[in-house]
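# A closer look at the structure
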Amino acid sequence: MAQSSGKEIRILESNTSLYLVNITSLYLHPFLPETVPITVGILTISDTASKDKTKDQSGPILQSLFPSPQYHVVAYDVVPDDKDQIQKTIINWVDAKAFNVIITTGGTGFGVRDTTPEAVLPLLDRLSSGLTHLLVSASLSKTPYAALSRPVTGIRKKSIILTVPGSPKGARENVEAVLKILPHAVELACGGSGASVHDAMQYEKSGESEKGETREYGHDCVHHRSHGHSQHHAGEKKLLSNPLDAPVTQRQRHSPYPMISVDDALNIISVEANPLETIEVPVDENLVGYVVAEDIVSLEPVPGYRASILDGYAVIAKNGPGIYAVSPMPSIAAAASTQSTLTSTQVTRITTGAPLPPSATAVVMVEETSLVRTSADGKEEEEIMIHANVEEGENVREVGSDVQKGEIVMRKGEVVTEVGGEIGILASVGVCKVHVHRRPTVGIFSTGNEVIKHTDSEPLKYGQIRDSNRPTLLSVAKSAGFCAIDFGIVKDNKEELGRVLSDALSKVDVLITTGGVSMGEMDLLKPTLERSIGAVIHFGRVRMKPGKPTTFATVSSDTSSPSSQKKFIFALPGNPVSATVTFYLFVLPALRKLSGYDHWKLPIIKTELPFTLRLDPRPEYQRAVLRYVTLPSPRFVAYSTGQQRSSRMSSMRRCNALIKLPPKSENQTKLEAGTVVDAILVGELEC
Ligand SMILES: Nc1nc2c(c(=O)[nH]1)N[C@H]1C(S)=C(S)[C@@H](COP(=O)(O)OP(=O)(O)OC[C@H]3O[C@@H](n4cnc5c(N)ncnc54)[C@H](O)[C@@H]3O)O[C@H]1N2
Ligand code: MOO
Ligand SMILES: [Mg+2]
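Since the model is a prediction, treat every value here as computed from it, not as a measurement. (Residues numbered from 1 in each chain as written. Chains lettered and ligands numbered in written order. Predicted model: local features only at pLDDT ≥ 70, side-chain atom pairs only at ≥ 80, totals over all residues. Heavy atoms only, no water.)

A separate point is a negative patch on the surface. A surface patch of negative charge is lined by Asp311, Glu367, Glu368, Glu391, Glu392 and Glu394. For Glu391, a relative accessible area of 59% gives the class exposed. (Patch = residues over 30% accessible without salt bridge, like charges linked within 9 Å, V, L, I, M, F, W, Y side chains within 5 Å. Areas by Shrake-Rupley, 256 points an atom, 1.4 Å probe, with all protein chains shown as cover. Salt bridge = Lys/Arg side-chain N within 4 Å of Asp/Glu carboxyl O. Lys, Arg positive; Asp, Glu negative; His and termini not counted. Charge placed at Lys NZ, Arg CZ, Asp CG, Glu CD. Buried < 20%, exposed > 50% of the residue type's maximum accessible area, 1.4 Å probe, protein only.)

Put into structure tokens, the structure is as follows:
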């Protein structure tokens, strides 16, 4: 039962023991549920279950131990017994500030693949030996074999991390043993001292209003509202969007969506969007942009034979300068045989890359020789003079001296770039197929009754505008190397919108829509996504200019199955500049993360402002031309593209960077010329 008294939320359990779970002055905010749950992440660690999530028994059992409203299972994932993957997931989750408690199940035993304690221990800022003891003693009271479990527990930043056994029974017993003290532990780990403050860890800035004051939203910010695979599904929970059938008189007059920071939005995207499955693809020009999912070893040595580096004469180096008889360059077959063995008075003509005769130990370049005698017809060299000394091995590429057979030529996680090096190396060592992460396919549509095709030959009617978002985003997604499907222009009509959303989501991994996400009566994206499609909206407003109403949602094609393919929806604002800027800030990083990039965020360059810029109440991403200049000193300088209104697409023209400007404050209303700021690189640099 949940009761409230003043600022406290007291959860009473049936055994009447009382836990202070949270205090927040805004827990009675009209848009928030009455309780603020403790957020939990469950990570199953198992080689078997990572290949087929349906094999995981412990993960679902653990989820059932954290019922709402006291708890909220924010994420559930399965990774193999692989130290890197375990660490990556936990670091990601902790950095997303979305988890009070992270529980891993599996990999704590004595098995040779059991590596959970080794993966988790280095991540802990503080150990909690009491909790570890509690876990072990809970299991020991049931079976002496519990002594073979090696749990570690502790705190990273503000998240409590517990590692419990992989067996469903052991996992359950362990978690049940700590459940009673968990709320109190969470509160203390978050800096509380009896008064619960655990919500503060997640959205320290999430509720900032446009003027800069901070409102607290607690744990049940939209992104904690569960995934398709957790206990809460769209429909069972409180939805924030306007009801689809309600008259305009009943629309909400203030956005119910917390305004979160750009960093928090990226963290939420990062938690949701994990690298897609691996596939095998041929090594050819279509490989650019893929991230390899395995270490790749050379199948052959390069070179496969002793090759000359120069055009000249293959010699026995120790014989030194002098006059030598010339034998013509042997055929490839002959070069490999002993027939072409040199005597001490002979040299062989050789070209760059050709195989050396077996007895040759070096190559002298033709420029360091002179012709002494020709054949009678003058067409053949018979004797030459060698002028220079050469060392043994000089100008020779020995077998495997570029790449040895079995050498790693690409490491797991590396990207095949458009620069060419990776395809070149793979091709040169006989690798014809590689395992890579699948790259997401993208769908794009524009919305709006006023929007017509840009190619429409009819003159515009009053109120009509040409669709610039769809051609822009299609071109940007394609030039970033993603397969992008055009789903046209959709009317502001809930049925049509629902139909096209469903159709597009059945065909692509990531759907980008523009328009219809703000406060207007025709802004139907959020309610249609939530109420018709069953999508979970993770955020619906971001504190930024342009792009405030940017919306991110996910939907699982089969919400009852944790293993079903998740789809990602970016409902971007209709204003053309807002749509383009938010594509670069959120969609492109997400596409890179799904493709398996470690460095999925776009590069940032420190740059100088050549002119004074006035600040906006929201953090602003000004479009700029970033240039490298050398005078009076070498540095990057970012020239604003002029008037920055969200509708003014010419502010994107020639833009290759987005300058990050801080919000206006009482103390700071502008940035002076010469100030150094961060610029996000979105295009090619100008020099
Ligand atoms: N009362 C409020 N009004 C608005 C707010 C707000 O907080 N309260 N936010 C403003 C901000 S910020 C933005 S950004 C826009 C976003 O609007 P929507 O995403 O709902 O987009 P629409 O209303 O559909 O269109 C906005 C604007 O963009 C033009 N548009 C739409 N689609 C296209 C396209 N494909 N190509 C070119 N131009 C397009 C459309 O005609 C409108 O002019 O909301 C503010 N309002
Ligand atoms: O944030 Mo809106 O994108 O100002 O124009
Ligand atoms: Mg609108």
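Let's pick the thread back up.
At a closest axis distance of 9 Å, the pairing of helix H5 (residues 129-140) and helix H6 (residues 168-179) adopts a crossing angle of 130 degrees. The orientation of H5 with respect to H6, classified from their angle, is oblique. Seen along the crossing, H5 lies across H6 with a hand that is right-handed. Contact residues: Leu131, Leu134, Leu135, Ala138 and Ser139 in H5; Glu173, Asn174, Ala177 and Val178 in H6. (Axes fitted to C-alpha atoms, helices over the stretch in contact; angles between N-to-C directions. Helix = DSSP H or I, 4+ residues; strand = E, 2+ residues; numbered from the N terminus. Parallel < 35°, antiparallel > 145°, perpendicular 65-115°, else oblique. Left-handed = near helix turned anticlockwise from the far one by under 90°. Contact = heavy atoms within 4.5 Å.)

Turning our eyes to something else, we now look at the side chain of Arg618. Within the element layout of this structure, Arg618 appears in the loop between strand E31 (613-614) and strand E32 (620-629). Polar contacts involving the side chain of Arg618 include one to the main-chain carbonyl oxygen of Met544, which spans 2.8 Å. (Polar contact = N/O pair within 3.5 Å; in protein donor to acceptor, adjacent residues only side chain to side chain.)

Time to look at the coordination of the magnesium ion (ligand 3). The magnesium ion (ligand 3) binds to the protein through Asp523 (OD) and Asp523 (OD); the donor distances cover 2.4 to 2.5 Å. Secondary-structure assignment places Asp523 in the loop between strand E26 (510-514) and helix H13 (525-533). (Donors = N, O, S within 2.8 Å, 3.2 Å for Na, K, Ca; no water.)

Taken together, 23 residues lie around ligand 1, and Glu450, Asp467, Ser518, Lys548 and Gly574 are the ones closest in. The side chain of Ser446 places a nitrogen or oxygen atom 3.4 Å from a nitrogen atom of ligand 1. Contact between ligand 1 and Ser468: a nitrogen atom at 3.1 Å from a main-chain N or O atom of the residue. Within the complex, the protein chains bury 71% of what would otherwise be the 870 Å² of accessible surface of ligand 1. (Near = heavy atom within 4 Å.)

This next bit is on the sheet that holds strand E6 (residues 101-105). What the 6 strands build is an open sheet, ordered E5-E4-E6-E9-E8-E7; its pairing is mixed. Two strands close off the open sheet at either side, each with one partner strand: strand E5 (71-79) and strand E7 (126-127). As judged from the 8 bridges shared by strand E4 (residues 38-45) and E5, these two strands associate in the parallel manner. The partner of Leu43 across the bridge, within E5, is Asp77. Here helix H3 (residues 83-95) sits on the sheet and contacts E4, E5, E6, strand E8 (153-156) and strand E9 (159-164); the angle it forms with E4, its principal contact strand, is near 170 degrees. Where H6 meets the sheet, its contacts fall on E5, E6 and E9, and the angle it forms with E9 comes to roughly 145 degrees. (Pairing = 2+ DSSP bridges.)

Right, let's get into the environment of Ser640. Here Ser640 lies in strand E33 (residues 635-640). Relative accessible area serves as the criterion here: at 29%, Ser640 is assigned to the partly exposed category. In this view, Ser640 contacts Leu613, Gln622, Arg623 and Ala624; residues no more than four positions away in its chain are not counted. Among the polar contacts listed, one links the side chain of Ser640 to the side chain of Gln644, at a separation of 3.5 Å.

On to helix H8 (residues 262-272). Summarising burial for H8: 10 of the 11 residues are buried, a large majority. Taken as a whole, H8 has its buried residues at Val262, Asp264, Ala265, Leu266, Asn267, Ile268, Ile269, Ser270, Val271 and Glu272. On its buried face, H8 is in contact with H3, strand E27 (536-539), strand E28 (551-556), strand E29 (566-572), helix H14 (576-594) and E32.

This part is about the sheet that holds strand E17 (residues 369-374). In space, the 6 strands of this open sheet follow the order E16-E13-E15-E14-E18-E17, with mixed pairing throughout. Only two strands of the sheet have a single partner each, and these edge strands are strand E16 (362-365) and E17. Each neighbouring strand pair of the sheet contributes to a mean axis angle of 40 degrees, computed without reference to strand direction.

With that settled, the discussion passes to the nonpolar core. Counting 47 residues, the largest nonpolar core has Ile512, Phe570, Phe583, Phe586 and Leu658 as the members making the most contacts within it. Looking at this core, the elements that each hand over two or more residues are H8, strand E22 (442-447), helix H11 (469-479), E26, E29 and H14. Per-element tally for this core: the top contributor is H14, with 12 residues. Of the domains in this structure, domain 2 (265-275 + 439-594) and domain 5 (604-681) are the two that each give at least three residues to this core. (Core = buried A, V, L, I, M, F, W, Y, C linked by side-chain atoms within 4.5 Å. Domains from an automatic or database assignment.)

Fair warning: the whole summary comes from geometry, so function is off the table for now.
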